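Structural characterization, general
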Amino acid sequence: MAGIYLHIPFCKTRCIYCDFYSTTRNDLRQRYVRALCRELALRRDYLRGATVETVYFGGGTPSQLTEKDFESIFQTLQDVYGLEHAREITLEANPDDLTDDYVQLLRHFPFNRISMGIQTFDEQTLQLLQRRHTATQAIEAVQRCRQAGFNNLSIDLIYGLPGETEEKWKHDLQEAVNLHPEHISAYHLTYEEGTPLYRLRETHRVNEANEEDSLRFFTLLVQTLREAGYVHYEISNFCLPGHHARHNTAYWQGIPYLGCGPSAHSFDTDSREWNQASLTAYIDGLEKNERPFEAEKLDNDTRYNEYVMTGMRTRWGISLEKIATDFGTKRLDYLRQMAHPHLQRGKLIEKEGRFCLTEEGIFTSDDIISDLMYV
Ligand code: SF4
């Protein structure tokens, strides 16, 4: 079992909080798609023949791709890896790209999941963030995808935004629930160095949410979505039963994946590779059958820490048997010792051979996870 991530590094405009690798140089799109297909072909052995179960078009803005682009990419995926066993094929999309025509075009391809970056339904905040869409466009885009027959929709929200109040966040959550998407991801805003938003905070033109407010917003998020029938299956992710994101869940469970495109990461359980975050270097390299990338061999401690860090964030937690088998009984003893106080305080539980955060533990997950990691 394996996944494929395709990074589509084009955005019409840049949002002021974003530090993902993308560019507004759409003139390079066709050359890029050829390079991406070449990378997919060149790295055909990376997954060691594992069955591809998920494909994720992320970005950037994959909904900037055209029919021809999708045709080339899907043809390559089919020829090189086969898509017969792909259970989830996701397209990240900007709401304003999801016009009637575009949604119909998507139906001609094997996408069965659309993930929309809505972020907030507050018009003023959308403008401040320099998102391209309005709240109305977001709502209409969801409805349009539904009418076209997409029955697995995900929306992204951000909270702790400049000027966020409990009322505004409640409103965002209510609007989200009203749309009844199968999946909701909600992340706290982070001020990434180098972004325009970071500079606004440094010059005191926007204020960062304080810790107390952030905790209130998170509590509201968890309560509202639980009451609406969503399963809280990862710290920042919620789904209607049976609709967890298979691709991302595979990341958290340490399943191998191939990442193609500039800045994309790949993981084969022993090592991690990441392509250089430069579109021109990527295209120039691939046109000569060379891929600009770096790699890191993962030692035992790093693999243990990654497993604990990602696994503990999910409702399935971490397997004690896996810890003993993959990392040794000494490491299991260490884990048990570090987990003990949290088990005593009811923040962690041991069930069916796994350590999981309790509902209470979720609120202090960072501290607990950092205690369980090996330093
Ligand atoms: S559209 Fe997405 S990737 Fe592009 S700048 Fe905005 S947040 Fe970043």
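Each value, and the rule that gives it
Residues numbered from 1 in each chain as written. Predicted model: local features only at pLDDT ≥ 70, side-chain atom pairs only at ≥ 80, totals over all residues. Heavy atoms only, no water. Helix = DSSP H or I, 4+ residues; strand = E, 2+ residues; numbered from the N terminus. Buried < 20%, exposed > 50% of the residue type's maximum accessible area, 1.4 Å probe, protein only. Contact = heavy atoms within 4.5 Å. Near = heavy atom within 4 Å. Nonpolar A, V, L, I, M, F, W, Y, C, P; charged D, E, K, R; others polar. Pairing = 2+ DSSP bridges. Right-handed = clockwise from strand over helix to strand, strands pointing away. Domains from an automatic or database assignment. Buried area = accessible area lost by both parts, 1.4 Å probe. Phe/Tyr/Trp six-rings, centres within 6.5 Å; stacked < 30°, edge-to-face > 60°. Lys NZ or Arg CZ within 6 Å of the ring centre and 35° of its normal. Core = buried A, V, L, I, M, F, W, Y, C linked by side-chain atoms within 4.5 Å. Axes fitted to C-alpha atoms, helices over the stretch in contact; angles between N-to-C directions. Parallel < 35°, antiparallel > 145°, perpendicular 65-115°, else oblique.

**With respect to the side chain of His-183**
Residue position: His-183 is located in strand S6 (residues 183–188). Judged by relative accessible area, His-183 falls into the buried class, the value being 1%. Setting aside residues up to four positions removed in sequence, His-183 forms contacts with Arg-113, Leu-153, Ser-154, Ile-155, Tyr-230, Tyr-233, Asn-237, Phe-238, Cys-239, His-243, His-244 and Ala-245.

**Here's the deal with the site of the ligand**
Around the ligand, the surrounding shell consists of Cys-11, Arg-14, Cys-15, Tyr-17, Cys-18, Gly-60, Thr-61, Asn-94 and Arg-131. Of the residues that constitute the shell around the ligand, the class distribution is four nonpolar, three polar and two charged.

**A look at the pairing of strand S2 (residues 52–59)**
Taking burial as the measure, the eight residues of S2 include eight buried ones, the bulk of the element. Of the pairings in the sheet, the one linking strand S1 (residues 2–8) to S2 comprises seven bridges and is parallel in character. Residue pairing in the sheet places Leu-6 in a bridge with Phe-57 of S2. Of the crossover connections in this fold, the one passing from S1 over helix H1 (residues 29–42) to the parallel S2 is right-handed. Pairing between S2 and strand S3 (residues 88–93): four bridges, direction parallel. Note on S3: the bridge partner recorded for Val-55 is Ile-89. Viewed along the sheet, the connection from S2 through helix H2 (residues 67–80) into S3 turns out right-handed.

**Things to note about the domain arrangement of the protein**
If you check the domain split of the protein, you get domain 1 (2–251) and domain 2 (301–372). For domain 1 and domain 2, the distance between their C-alpha centroids amounts to 29 Å. With 13 residues of domain 1 at the contact, the number on the domain 2 side is nine residues. Buried surface at the junction of domain 1 and domain 2, both sides included, amounts to about 1000 Å², of which 66% is carbon and sulfur. Considering only the surface of domain 1 that becomes buried against domain 2, Arg-226, Tyr-233 and Ile-235 emerge as the three largest contributors, covering 44% of it.

**What to know about the packing of aromatic side chains**
Inspection of the entire model under this criterion finds 18 aromatic pairs. The structure contains a cluster of three or more aromatic residues connected by ring pairs, namely Phe-57, Phe-70, Phe-74, Phe-109 and Phe-111. Stacked on the ring of Tyr-46, the Lys or Arg Arg-43 has its end atom at 4.9 Å from the ring centre. Cation over ring: Lys-322 sits above Tyr-307, and NZ or CZ is 5.2 Å from the ring centre.

**Some details on the nonpolar core**
Formed by 95 residues in total, the largest nonpolar core has its most connected members in Phe-57, Phe-70 and Leu-77. When residues are assigned to domains, this core turns out to be shared by domain 1 (2–251) and domain 2 (301–372), each giving three or more. Discounting residues that sit within four places of it in the chain, Phe-70 has contacts with Phe-57, Pro-62, Leu-65, Leu-91, Tyr-102, Leu-105, Leu-106, Phe-109 and Phe-111. Core analysis: the second largest hydrophobic core is formed by 13 residues, Ile-16, Tyr-17, Leu-129 and Tyr-198 among them.

**Things to note about the side chain of His-342**
Residue placement: His-342 occurs in helix H13 (residues 329–344). Ignoring anything within four residues of it in the chain, the contact list for His-342 reads Lys-347, Leu-348, Ile-368 and Asp-371.

**Some points on the packing of helix H12 (residues 320–327) against H13**
At a closest axis distance of 7 Å, the pairing of H12 and H13 adopts a crossing angle of 140°. The orientation of H12 with respect to H13, classified from their angle, is oblique. Residue-level contacts link Leu-320, Ile-323, Ala-324 and Phe-327 of H12 to Thr-329, Arg-331, Leu-332, Leu-335 and Arg-336 of H13.

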